[in-house]
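# Chains, contacts and geometry: an overview
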Amino acid sequence: MPRSLALRIATLPRDTNHYGTIFGGIILAYIDQAGFVQARKHGAHRWVTASLDRVDFKAPVHLGDIINLYTTTIREGTKSVTIAVEVEAERFTTGNCVPVTSAQIVLVSVNETGTPIPFRSPPTVRE
Ligand SMILES: CC(C)(COP(=O)(O)OP(=O)(O)OC[C@H]1O[C@@H](n2cnc3c(N)ncnc32)[C@H](O)[C@@H]1OP(=O)(O)O)[C@@H](O)C(=O)NCCC(=O)NCCS
């Protein structure tokens, strides 16, 4: 699957620390969500996060910046997928895009009791 834009978020005052920059934890939550959006393309199941690797923040995200999260599936296992997430800040003032961080996240497809299942199986979530 090619790299795709999974999430695009306008930052708000509620997302900031007292320095006026965005909390790292907010970005971690968006990485988790972006991973889910990508994993969901591999099967209509419940997907849970098994792991998130090291996250280094290379540049701050300022209030008003737009956060873009790009995802690429880098490994398809049997019950899990590994997804690379790249995060950039689109500056409020200039529109320039600055790399902020990247991470690899593993999501596992599970059934309604939380037991891992092959994600290539027929859909297990429905209305
Ligand atoms: C993730 C979870 C479902 C794995 O259950 P498990 O019984 O240990 O899984 P299994 O040993 O059967 O492995 C299933 C797949 O998950 C992968 N996996 C399991 N734990 C993993 C981990 N910590 N990191 C990376 N991959 C992992 C296995 O490699 C396997 O992949 P594959 O089938 O593609 O080869 C279970 O630990 C869990 O429910 N964790 C909580 C998840 C959660 O609630 N996350 C939200 C944050 S609280």
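See the structure shown above.
Residues numbered from 1 in each chain as written. Predicted model: local features only at pLDDT ≥ 70, side-chain atom pairs only at ≥ 80, totals over all residues. Heavy atoms only, no water.

## So, the packing of aromatic side chains
- Tallying each qualifying case throughout the model produces 1 aromatic pair.
- In this arrangement the basic side chain of arginine 3 is found over the ring face of tyrosine 70, its NZ or CZ atom lying 3.9 Å from the centre. (Phe/Tyr/Trp six-rings, centres within 6.5 Å; stacked < 30°, edge-to-face > 60°. Lys NZ or Arg CZ within 6 Å of the ring centre and 35° of its normal.)

## Regarding the sheet that holds strand β2 (residues 46–52)
- Strand order in the open sheet made by the 5 strands is β1-β3-β4-β5-β2, with antiparallel pairing throughout. A single partner strand is all that each edge strand has here, and the edge strands are β1 (4–10) and β2. Ignoring which end each strand starts from, the neighbouring axes of this sheet average 30° apart.
- Of the strands in this sheet, β1, β2, β3 (66–76), β4 (80–90) and β5 (97–110) touch helix α1 (residues 24–40), which is tilted by about 55° from β5. (Pairing = 2+ DSSP bridges. Helix = DSSP H or I, 4+ residues; strand = E, 2+ residues; numbered from the N terminus. Axes fitted to C-alpha atoms, helices over the stretch in contact; angles between N-to-C directions. Contact = heavy atoms within 4.5 Å.)

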